[in-house]
Amino acid sequence: QLPGLLEHVYLPRYFTHCYLQQTRDLHCFSRSWPTLFIGAFGSQSRLHVDQWHGHFWMHMISGRKRWTIFHPEDAHLLRPHVPEGRHHPVFPSLAELESGGESSDFARARRLEVVLEEGETLFVPGGAPHLVVNLTDSVAVAGNFVDESNFDAAIADLRAMGVHEGKGGGIGGGLLAFGE
């Protein structure tokens, strides 16, 4: 955890009420929030959806990141593939999707591109496919969160993960934290 760092970062109250941070028992998610992201110029994440329909926030301490965020309802247009024994989809690269031309399903997917600058905070709704490219060396602090707006989807996702991926790891801890 980074309590000393959070003393210097203003987080809007909308991101500080995560149900997983209000449980009485420690679990894997209580030790991983928030996360410090240090990225080198040009490094990037693949297109993905955050697990358990967690909403996501990021505050840029230094540097710049380009975010590409797709509407959650359009994830099926991004040619997701769920590997056997897994619950979460894997997506082709953005370059592969864009090479399909204007007639592809991908061309109909609603997307937002934004450059996150130093001192800014971004919100990504749970279930929204997204990818990030570091435009400079960058430092950010971020976290996923569950609140009343995505609680039911998070519980359903955690249960499905338990069925597909087993009760190990953070899945059981996440459900137990919710009192399941």
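Going by the structure above, here's the rest.
What you are looking at is a predicted structure, and each value in this text was computed from that prediction instead of being measured. In every chain, residue numbers begin from 1 and rise along the written sequence. In keeping with the predicted nature of the model, local features appear solely for residues at pLDDT of at least 70, side-chain atom pairs appear and are counted solely at 80 or more, and the whole-chain, interface and lining totals rest on all residues. Just so you know, side-chain values use all the structure's heavy atoms and leave hydrogens and water out.

(A) Geometry of the sheet that holds strand β4 (residues 111–116). Pairing between strands is defined by DSSP: at least two bridges between the two strands are required. We count a stretch as a helix when DSSP gives it H or I for four or more residues in a row; a strand needs E for two or more, and each element gets its number in order from the N terminus. Ordered by their spatial adjacency, three strands build an open sheet running β4-β3-β6, and the pairing between neighbours is antiparallel. Each edge of the open sheet is held by one strand with a lone partner, namely β4 and β6 (130–134). The sheet shows a mean angle of 15° between the axes of neighbouring strands, direction not considered. In the sheet, strand β3 (residues 65–70) pairs with β4 via six bridges, with the strands oriented antiparallel. Of the residues in β4, the one forming a bridge with Thr 68 is Glu 113. Axis geometry follows a simple rule: fit a line to the C-alpha atoms, using only the stretch in contact for helices, then measure angles between N-to-C directions, giving values from 0 to 180 degrees.

(B) Geometry of the sheet that holds strand β1 (residues 35–39). Here four strands make up an open sheet; going across it, the order is β1-β7-β2-β5 and the pairing antiparallel. Strand pairing shows two members of the sheet lacking a second neighbour, β1 and β5 (121–124), which therefore form its edges. Across the sheet, the axes of successive neighbouring strands diverge by a mean angle of 25°, strand direction being ignored. Here strand β2 (residues 55–62) runs beside β5; their pairing, made up of four bridges, is antiparallel. Residue pairing in the sheet places His 59 in a bridge with Thr 121 of β5.

(C) The layout of surface pockets, seen in detail. Detection works on a 1 Å grid of protein atoms alone, calling trapped sets that fit a 1.4 Å probe cavities and calling open sets with protein on both sides within 12 Å along at least five of seven lines pockets, with lining residues defined by an atom within 4 Å of a point. Grid points are joined across faces, edges and corners, and a volume is the space filled by probe spheres set on the points. Quantified by volume, the largest pocket comes out at close to 240 Å³. As for the largest pocket, its lining consists of 16 residues, and the residues nearest its centre are Phe 37, Ser 45, His 48, Met 58 and Val 132. Of all the secondary structure elements, the ones that give two or more residues to the lining of the largest pocket are β1, β2, β3 and β6. Polar here means any residue outside two lists: the nonpolar Ala, Val, Leu, Ile, Met, Phe, Trp, Tyr, Cys and Pro, and the charged Asp, Glu, Lys and Arg; Gly therefore counts as polar. By residue class, the composition of the lining of the largest pocket is six nonpolar, eight polar and two charged.

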